[in-house]
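Understanding the architecture of this molecule
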Amino acid sequence: MTPYYDVVVAGGGTAGGPAATQAARLGARTLLVEKNGALGGTTTVAGVSLPGLFHAWGRQVIAGIGWEAVTRSVREAGLRLPDFTQWEQPHHRLQVRVSPAVLAAVLDDTVVGSGAELLLHAIVAEAAWDGAEWRLTLATKDGLHRIRAGAVVDCTGDADVVALAGLPRSTRPRRQPGTIMVRLGGYDLAAIDVDAVQAAHDDAVRSGDLLPADLAHNPVAKFLRVRGENAIHVTGVQGGTSRDKTAAEVAGRRTLLRILRFLLRQPGLERVVIESWAIETGIRESWTIDGHATITLDDYAGGRAWPDALSYSFYPIDVHRPDGDGIDIRPLAYGTLPTIPRAAMIPRGSSRLVVAGRAISGDQEASSAYRVQASSMAMGQSAGVMAARAVDRGGDVLDLPLDLIRGDLRAHGAILPGDVVVPPLPIKETS
């Protein structure tokens, strides 16, 4: 007989782990399917080991399952949390530094400890709703396996299950670049003539040995100061298919090799080494669902309080220019608390299907902010509740009472829109 699960979560990245854990904690028989050998996605496999933002204006706005895993991993690794009360710092200083290896291990323990079944090195290859339940085919190392599910949560980041089910998704002609995460070592910045290296860089760009976007249009001095971390742009990439992903991975590694060859030719950088690198090129933007609501820039930057909001999101507008020429960062106005509505997570025309993470319905500018890890963790937990409760009650996710969803989320540590009040800025005295 074909195995049955109440909830199947596709993708074990930043949204998928909390989604599966939450569904299982509510008593749903849950399966989490992940293509990689580790959970955590962007934070672990793609090396963006500084998830955020969990706090806004000195107040915590995202907690729950994702926060539990992140803070536990910080303790296990002997690291420290930032001082979140110092909210006037640049946003990147308020992101949480984690050890990818430790976080991956903690996520294993969190998911398995919840009672969910974990299947790594596998993907959903077919998906169809038969009017009563989902019929899925999993592609694994030992062949194709068919399963049934009461509900599905698509946390692939690319809306893969949505597409397999024949539901619409869209992409933009000009997408934000990807990044291959590295950390360089083997040099003393103080002993390097950065002006000479900058001139050599400019010559290399003119000759075609480097591309203008390779250093994300950063000055060489900044690139070397941050050790290359999160300072490389891989333009023109897309992550929605295996062919697209292959092209992105090859492009990322070619970019890294170009940069390394250039650096090794420069005085003072003859011993430069790659201390660490991410096995995946991180993709910022690929596919977006056609949801029952679409989050726009005005909604996000204006802090719209959606009536069906299930979580906060907090991050500046953070559009990495498609040509790789830097980043358009627009901090939010003081006191702004954006929210994520249920309707943006539900594809039109679907039944018992929820999407969590960067693929929810929104425009490019809004998604540049809500795509980040903490927001995806919160969305994943909300999706886990919706999927489990829809199966439990025998209805669809859009029919669930909002009070029921919110009550479950609060019972499992989440912070809900309306729970946080930001005080007015104190008036500075003038002499």
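Our structure is the block above this text.
**Here's the deal with the overall build of the chain**
Of the regular secondary structure elements, the chain holds eleven helices and 17 strands. Against the compact-globule benchmark of 22 Å for 431 residues, the chain has a radius of gyration of 22 Å, which places it among compact chains. Projecting the C-alpha coordinates of the chain onto the three principal axes gives extents of approximately 70 × 70 × 40 Å. Buried positions account for 57% of the 431 residues belonging to the chain. Within the chain, contacts between residues at least 6 apart in sequence are counted, and of these 73% link residues at least 24 apart. In the form shown here, the chain has an accessible surface area of approximately 18,000 Å², with 51% of it arising from carbon and sulfur atoms.

**Observations concerning the nonpolar core**
Most often, soluble globular proteins have nonpolar side chains that are buried together. Formed by 102 residues in total, the largest nonpolar core has its most connected members in Leu 136, Ile 295, Tyr 300 and Met 345. Among the elements that take part in this core, helix α10 (residues 373-393) stands out by supplying eleven residues, more than any other. Apart from residues lying up to four places away in sequence, Leu 136 is in contact with Val 8, Val 124, Glu 126, Ala 127, His 145, Arg 146, Ile 147, Ala 149 and Val 152. One finds Ile 192, Ile 232, Leu 256 and Leu 263 within the second-largest nonpolar core, a separate group that totals 25 residues.

**Describing the packing of α10 against helix α11 (residues 402-411)**
Between α10 and α11, whose axes approach to 10 Å, the crossing angle comes to 125°. The angle between α10 and α11 places the two elements in the oblique class. Viewed along their axes, α10 and α11 form a crossing whose handedness is right-handed. Mapping the contact onto sequence places Gln 381, Ser 382, Val 385, Met 386, Arg 389 and Arg 393 in α10 and Leu 404, Ile 405, Asp 408 and Leu 409 in α11. For the contact of α10 with α11, the class distribution of residues is five nonpolar, two polar and three charged.

**Things to note about the pattern of salt bridges**
The full count for this structure, using the stated rule, is 24 salt bridges. With a shortest N-O distance of 3.3 Å, Glu 133 and Arg 135 are connected by a salt bridge. Judged by relative accessible area, Glu 133 falls into the buried class, the value being 13%. For Arg 135, a relative accessible area of 40% gives the class partly exposed.

**Some remarks on α11**
Every buried residue of α11 is listed here: Ile 405, Arg 406, Asp 408 and Leu 409. Buried residues in α11, looked at end-on, bunch into an arc of 160°, giving them a common side. Across α11 from its buried face, at more than 90 degrees, point the exposed residues Asp 403 and Ala 411. In this fold, the buried residues of α11 make contact with α1 (16-25), β13 (309-312) and α10. Just past α11, the residue Gly 413 takes up positive phi, approximately 90°.

**Thoughts on helix α5 (residues 194-207)**
For α5, spanning 14 residues, the distance from its first C-alpha to its last is 20 Å, which sits close to the expected 20 Å at 1.5 Å a residue. Taken together, the buried positions of α5 are Val 197, His 201 and Ala 204. Down the axis of α5, the sector holding all buried residues measures 65°, keeping them to one side. The exposed set on the far side of α5, more than 90 degrees from its buried face, consists of Asp 195 and Arg 206. Those residues of α5 hidden inside the fold are in contact with α6 (220-225) and α7 (242-264). Among the residues trailing α5, Gly 208 stands out with phi positive, at a value near 90°.

How each quantity is defined
- Every chain begins its residue count from 1, and numbering advances along the sequence as written.
- Residue-level local features of this predicted model are given only where pLDDT is at least 70; pairs of side-chain atoms are given and counted only at 80 or more, and the full residue set underlies all totals for whole chains, interfaces and linings.
- In computing side-chain values, all of the structure's heavy atoms are included and hydrogens and water are not.
- A run of H or I in DSSP becomes a helix once it reaches four residues, and a run of E becomes a strand once it reaches two; helices and strands are each numbered from the N terminus.
- For the radius of gyration, the atoms used are the C-alpha atoms, and the globule rule reads 2.2 Å times the number of residues raised to 0.38.
- For each residue, the accessible area found with a 1.4 Å probe, counting protein chains only, is set against the maximum for its type, and the residue is called buried under 20%, exposed over 50%, and partly exposed in between.
- Two residues form a contact once any of their heavy atoms are found within 4.5 Å.
- For accessible areas, the Shrake-Rupley method is used with a probe of radius 1.4 Å. Any residue's cover is judged against the shown protein chains and nothing else.
- Residues grouped as a nonpolar core are buried Ala, Val, Leu, Ile, Met, Phe, Trp, Tyr and Cys residues, joined through side-chain atoms within 4.5 Å.
- Lines fitted to C-alpha atoms define the axes, with helix axes restricted to the stretch in contact, and inter-axis angles between N-to-C directions lie between 0 and 180 degrees.
- Under this scheme an angle from 65 to 115 degrees is roughly perpendicular, one under 35 degrees roughly parallel, and one over 145 degrees roughly antiparallel; angles in between are oblique.
- Helix crossings are classified by the rotation of the near helix relative to the far one: an anticlockwise turn of less than a right angle makes the crossing left-handed, while a clockwise turn makes it right-handed.
- The residue classification treats Ala, Val, Leu, Ile, Met, Phe, Trp, Tyr, Cys and Pro as nonpolar and Asp, Glu, Lys and Arg as charged. All others, Gly included, are polar.
- In the sections that follow, a salt bridge refers to a side-chain nitrogen of Lys or Arg positioned within 4 Å of a carboxyl oxygen of Asp or Glu.
- Note that the arc is computed from the directions linking the helix axis to the C-beta atoms.
- For a helix, the expected span equals 1.5 Å multiplied by the number of residues minus one.

Remember that the coordinates give geometry; whether it matters functionally is a separate question.
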